[in-house]
Protein chains: 2
Amino acid sequence: MNTLRFTTQTSSNGVRERDFTVGDVPGVLWSPESGPDHAPVVLMGHGGGLHKKTPALKARAVEAVTTWGFTVVAIDAPGHGERPRSPEDDQARDDMRQAMTTGDVKGFKSVSIDYTLSLAERAVPEWRATLDALQHLPEIGAETPIAYGGGISMGTAIGMPLTATDPRISAAIFGGGFFVYPELLEAARRITVPIQFLLPWDDEYVDRSDTLGLFDAFASTEKTLHAKPGDHRRIRWTGVDQEFLPRHLGVI
Amino acid sequence: MNTLRFTTQTSSNGVRERDFTVGDVPGVLWSPESGPDHAPVVLMGHGGGLHKKTPALKARAVEAVTTWGFTVVAIDAPGHGERPRSPEDDQARDDMRQAMTTGDVKGFKSVSIDYTLSLAERAVPEWRATLDALQHLPEIGAETPIAYGGGISMGTAIGMPLTATDPRISAAIFGGGFFVYPELLEAARRITVPIQFLLPWDDEYVDRSDTLGLFDAFASTEKTLHAKPGDHRRIRWTGVDQEFLPRHLGVI
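Figured I'd write up the structure that's included with this text. Keep in mind it's a predicted model, so treat the numbers as computed, not measured.

## Observations concerning the overall build of chain A
Point 1. Each helix and strand in chain A was counted, giving seven helices and nine strands.
Point 2. For 252 residues, the compact-globule formula gives about 18 Å, and the C-alpha radius of gyration of chain A, at 17 Å, lands near that figure.
Point 3. Projecting the C-alpha coordinates of chain A onto the three principal axes gives extents of approximately 50 × 40 × 30 Å.
Point 4. The long-range share in chain A, meaning contacts at least 24 apart out of those at least 6 apart in sequence, stands at 67%.
Point 5. Carbon and sulfur atoms make up 51% of the accessible area of chain A, which amounts to about 10,900 Å² in all.
Point 6. One way to put it: in chain A the 25 positive side-chain charges average out to a point 2 Å from where the 33 negative ones average out.

## Regarding the packing of helix H3 (residues 105-135) of chain A against helix H4 (residues 154-165) of chain A
Residues and elements named next belong to chain A.
Point 1. Contact pair H3 / H4: the axes reach a minimum separation of 9 Å and the direction vectors enclose 50 degrees. It follows from the interaxial angle that H3 and H4 lie oblique. As H3 runs across H4, the sense of the crossing is right-handed. Where H3 approaches H4, its residues Thr116, Leu119, Ala120, Ala123, Val124, Trp127 and Arg128 are matched on the opposing element by Met154, Ala157, Ile158, Pro161, Leu162 and Thr165.
Point 2. Of the residues contributing to the contact of H3 with H4, the split by class is 10 nonpolar, two polar and one charged.

## A look at the relation of the copies chain A and chain B
Point 1. Superposing chain A onto chain B takes a rotation of 180 degrees plus a shift of 0.0 Å along the axis, which leaves an RMSD of 0.0 Å. What the rotation and shift describe, once combined, is the action of a two-fold rotation axis.
Point 2. Interface residue correspondence from chain A to chain B reaches 100%, placing this contact among same-surface, isologous pairings.

## Here's the deal with the interface of chain A and chain B
Point 1. Listed by partner, the interface residues are 17 residues for chain A and 17 residues for chain B.
Point 2. In total, chain A and chain B occlude about 1,500 Å² of area from one another, counting both sides; carbon and sulfur atoms represent 60% of this.
Point 3. In terms of surface lost to chain B, no three residues of chain A exceed Trp201, Pro229 and Gly239 of chain A, which account for 31% of the buried area on that side.
Point 4. Here chain A and chain B share seven residue pairs in polar contact (both at pLDDT 80 or more) between them.
Point 5. Where the side of chain A that touches chain B is concerned, the elements lending two or more residues are helix H6 (208-217) and strand S9 (223-228) of chain A.
Point 6. With six residues, the top contributor of residues to the side of chain A that touches chain B is S9 of chain A.
Point 7. Partitioning the side of chain A that touches chain B into residue classes produces seven nonpolar, four polar and six charged.
Point 8. Note: S9 of chain A against strand S9 (residues 223-228) of chain B, three bridges, orientation antiparallel. Paired with Leu225 of chain A across the two strands is Ala227 of chain B, which belongs to S9 of chain B.

## Observations regarding the side chain of Thr163 of chain A
Residues and elements named next belong to chain A.
Point 1. Assignment of secondary structure puts Thr163 in helix H4.
Point 2. Only 2.8 Å separates the side chain of Thr163 from the backbone oxygen of Gly159, close enough to count as a polar contact.
Point 3. Among residues more than four places away in sequence, those in contact with Thr163 are Tyr148, Ile169, Ala172, Phe174, Ile191 and Val193.

## Describing helix H2 (residues 87-101) of chain A
Residue and element names in this part refer to chain A.
Point 1. An ideal rise of 1.5 Å per residue puts 21 Å on 15 residues; H2 measures up with 21 Å between its terminal C-alpha atoms.
Point 2. Taken together, the buried positions of H2 are occupied by Asp89, Ala92, Arg93, Met96 and Ala99. The arc enclosing the buried residues of H2, seen along the axis, measures out at 130 degrees, which places them on a common side. Away from the buried face of H2 by more than 90 degrees, exposed residues Pro87, Arg97, Gln98 and Thr101 are located.
Point 3. In this structure, the buried side of H2 is in contact with H3.
Point 4. Positive backbone phi, approximately 70 degrees, marks Gly103, located one or two places after H2.

Rules behind the numbers
Residues numbered from 1 in each chain as written. Chains lettered and ligands numbered in written order. Predicted model: local features only at pLDDT ≥ 70, side-chain atom pairs only at ≥ 80, totals over all residues. Heavy atoms only, no water. Helix = DSSP H or I, 4+ residues; strand = E, 2+ residues; numbered from the N terminus. Rg over C-alpha atoms; globule rule 2.2 N^0.38 Å. Contact = heavy atoms within 4.5 Å. Areas by Shrake-Rupley, 256 points an atom, 1.4 Å probe, with all protein chains shown as cover. Lys, Arg positive; Asp, Glu negative; His and termini not counted. Charge placed at Lys NZ, Arg CZ, Asp CG, Glu CD. Axes fitted to C-alpha atoms, helices over the stretch in contact; angles between N-to-C directions. Parallel < 35°, antiparallel > 145°, perpendicular 65-115°, else oblique. Left-handed = near helix turned anticlockwise from the far one by under 90°. Nonpolar A, V, L, I, M, F, W, Y, C, P; charged D, E, K, R; others polar. Least-squares fit on C-alpha atoms with pLDDT ≥ 70 in both. Buried area = accessible area lost by both parts, 1.4 Å probe. Polar contact = N/O pair within 3.5 Å; in protein donor to acceptor, adjacent residues only side chain to side chain. Pairing = 2+ DSSP bridges. Expected span 1.5 Å × (residues − 1). Buried < 20%, exposed > 50% of the residue type's maximum accessible area, 1.4 Å probe, protein only. Arc of directions from axis to C-beta.

The analysis is restricted to geometry; functional conclusions fall outside its scope.
What follows is the structure, encoded as structure tokens:
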């Protein structure tokens, strides 16, 4: 098993930010500067083309730490952030850019699905290895409740198969903003933990009914859909249930 | 103009409950036992076959009073609660019961739509007269913000044309659980105030896509859909944004 190695540490406004690696995978861990051990852990996934410290993700992480005392973890997806891209990753990005430039929506969808699926297949074992390593930290341990805290788009395309596979995850926030493919519907049917699902009502590329079908497919008896007008890149998810994670992580 | 006459008054756990009439329409007003005048007003509509003090409605009203200090108002819809039924109302109820007994879904839908539309046409001017009378009470006045606080089903079928028509209503909670007919889509297109919309994901009779189309039709730039599994009669709307009304009524 790969152990977790901390590399750098900074602190700001009561939040400690520690970069780490597990094997080749760089990650970041945000936690309260002071507080009890075994705080619930929230995993956050970044969107396509972004990275583990993307401002929107970091802002949500800092809020989760300061409001609820959570430990928040993010890692760079394969070929994202500090990580090298494979020739196949470069090719996929070029193909997507090309398809968008020429207005080839069908081609864009096809390349995007193949690329996302490939990323998810690589990212799930990386997340699981990260969880293994995190649970060996005395401050976290094996009994601390863990949730997948989002977000939408690629963060969900990776988080769904992770949640379907790893029984340590006891609740999850997912959301739309990506093309729905059969493997995702399959993952949804295997997921039984409480789900909060964020649906961008007017996504630029993704058909609304496909994403509604994905929500429908979750086996969870407790699942709530929240939809707001706009594309997933522009929506601020205010006015949704902010206590979903605290409730399911036993904080309230 | 009809004035508002209080008939009975009781108090319990800090909440004052006063029955009233405006013309022939009986209503109830819940408010804090003590507190400042001009507390924001929330209008609540009961479901089909129910009445202004239906336990679920009253529970929501009492919570709104005790948590936020709101004044909450409910009136009996035409032919409901303490109000006499017209021969047409009796006929419609008989026809609906008959259609359900024989499994005539199409007939049930048709009678239900006609009856709901007839109720809404009568109820909207009654609500407006009630608002006129309420605004003449010194404790409320003409400047107090007013929201339509739900609920789903018939409460929405009446609340939507009311909100489309009456500029005094500055925010509204609506929800599914009734057949969508063209007049409702028309009302939605005229509504521009912030909307919270509750969608029963598995309503027994109502097609999900019809209700999604209704949400889509609202002209409001600020609208949020919340969906939970189940039929509208059985869902507990926990885990949705509980601060929607306080936010739009200027309390937080």
